[in-house]
Amino acid sequence: MDSVHHYGMTNRFDLKGDVAVVIGGTGSLGGAIAQGLAEAGSQVIILGRNSQNGEAKALSIRENGGKADYVKADAMSAESLKAAHATIRKQFGPPVILVNAAGGNDPKTTLTGDFTFDQIPLEAWRGNFDLNLVGGVFLPCQEFCPAMVESGKGSVINIASVSAHIPLSRVVAYSAAKAAVLSLSQFLAREWAGSGVRVNTITPGFFPAEQNRKILFNEDGTPTERAGSIMGHTPMGRFGNAEELIGAAVFLASHAASSFVTGTDIRVDGGFLSQTI
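Residues numbered from 1 in each chain as written. Predicted model: local features only at pLDDT ≥ 70, side-chain atom pairs only at ≥ 80, totals over all residues. Heavy atoms only, no water.

Caption draft 1: Representation of the packing of aromatic side chains. This structure, assessed with the given rule, holds 3 aromatic pairs. On the numbers, 6.2 Å between centres and 90° between planes, the contact of Phe 117 with Trp 125 is edge-to-face. On the basis of relative accessibility, which here comes to 24%, the residue Trp 125 falls in the partly exposed class. Both rings, one in Trp 125 and one in Phe 129, keep their centres 5.7 Å apart while their planes meet at 35°; by these two values the pair is tilted. Pair noted here: Trp 125 and Phe 129 are both in helix H5 (residues 122–151), with a separation of 4 residues, about one helical turn. Grouped by ring-pair contacts, the aromatic residues Phe 117, Trp 125 and Phe 129 constitute a single cluster. (Phe/Tyr/Trp six-rings, centres within 6.5 Å; stacked < 30°, edge-to-face > 60°. Buried < 20%, exposed > 50% of the residue type's maximum accessible area, 1.4 Å probe, protein only. Helix = DSSP H or I, 4+ residues; strand = E, 2+ residues; numbered from the N terminus.)

Caption draft 2: Quick look at the pattern of salt bridges. For the structure shown, the criterion picks out 3 salt bridges. Two residues, Asp 18 and Lys 153, come together in a salt bridge whose shortest N-O distance is 3.5 Å. Separated by 135 residues along the polypeptide, Asp 18 in the loop between helix H1 (2–7) and strand E1 (19–23) and Lys 153 in the loop between H5 and strand E5 (154–159) bring together distant segments of the chain. Look at Asp 18 and you get buried, because its relative accessible area is 11%. Notably, a salt bridge pairs Lys 108 with Asp 106, separated by 3.5 Å at the nearest N-O pair. (Salt bridge = Lys/Arg side-chain N within 4 Å of Asp/Glu carboxyl O.)

Caption draft 3: Structural view of the sheet that holds strand E7 (residues 265–268). If you walk across this open sheet you meet the 7 strands as E3-E2-E1-E4-E5-E6-E7, and the pairing is parallel. Pairing within the sheet leaves two strands with one partner each, and these edge strands are strand E3 (67–72) and E7. Direction aside, the axes of adjacent strands within the sheet are offset by 20° on average. Note: strand E6 (residues 197–204) against E7, 4 bridges, orientation parallel. Paired with Ile 202 across the two strands is Ile 266, which belongs to E7. The strands touched by helix H3 (residues 51–63) are strand E2 (43–48) and E3; relative to E3, the strand with the most contacts, the crossing angle is about 170°. (Pairing = 2+ DSSP bridges. Axes fitted to C-alpha atoms, helices over the stretch in contact; angles between N-to-C directions. Contact = heavy atoms within 4.5 Å.)

Caption draft 4: Broad picture of the packing of helix H2 (residues 28–39) against helix H10 (residues 246–253). Put simply, H2 and H10 touch, their axes get as near as 9 Å, and they point 55° apart. With respect to H10, the element H2 is oriented oblique. For the pair H2 and H10, the crossing hand works out as right-handed. When H2 is examined against H10, the residues Ala 32, Ile 33, Gly 36 and Leu 37 are found in contact with a partner set consisting of Ile 246, Ala 249, Val 250 and Ala 253. Classifying every residue of the contact of H2 with H10 by side-chain character gives 7 nonpolar, 1 polar and no charged. (Parallel < 35°, antiparallel > 145°, perpendicular 65-115°, else oblique. Left-handed = near helix turned anticlockwise from the far one by under 90°. Nonpolar A, V, L, I, M, F, W, Y, C, P; charged D, E, K, R; others polar.)

Caption draft 5: Spatial organisation of the environment of Gly 41. Within the element layout of this structure, Gly 41 appears in the loop between H2 and E2. Residues Gly 41 and Lys 16, spaced 25 residues apart in sequence, show a C-alpha to C-alpha distance of 4.1 Å. Contacts of Gly 41, omitting those with residues within four sequence positions, involve Leu 15, Lys 16 and Gly 17.

This is how it looks when you write it as structure tokens:
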């Protein structure tokens, strides 16, 4: 009854007035989340290095009735993030939502029949951790979260992977880096639990995007052998649509909807991690 009295009958998923920073918002999954947060009422800031893609995504969101802008920044640079943060605070106000959706797999670490673990270049291994962990979570959280802690309000949403839970074949470096994302997210959730800042992760299943399309589909559009293996492991028997991540993201972003949720991972995977044989 206390929570009902506190929040009244307002829409628990209304993010109106909240400033949301989405790093990786030009990608398929991050872009869908950015659109969803804007639809829920937040002022979305797309953060990234590619100005053309960032401006295009912000424009797309505005054309669909949302509030969105682009701020150029390199998530691998603490100085660049600091400058972007100052710009955002000056133009839009303090961010209370941070979505870390940047990441990917370096093809130089993808194992094949004739390319084994001992042949992975150290630079490529480190590159996976830099992209997915350092620039993907560590540096953005160092920059944006202290101000949230000081204000007493914030929601951090980090994007994990099914391979963080059960290492997938061939993508060992990516799996290890995403497992580290889960671990760091839980650490930060515990660290900031008393400050009003919540840290959670979303684990997407398999969502066809530009970076994995060649792995999932042949040139003629038919599924690859790996895609067939994925389908055989997915109880719902299909790939996900990027828009299907929006509900989980808006839930975690909203303090009214998820005020007692931190250190949690929400799987949006069609049951992939629930099926063994």
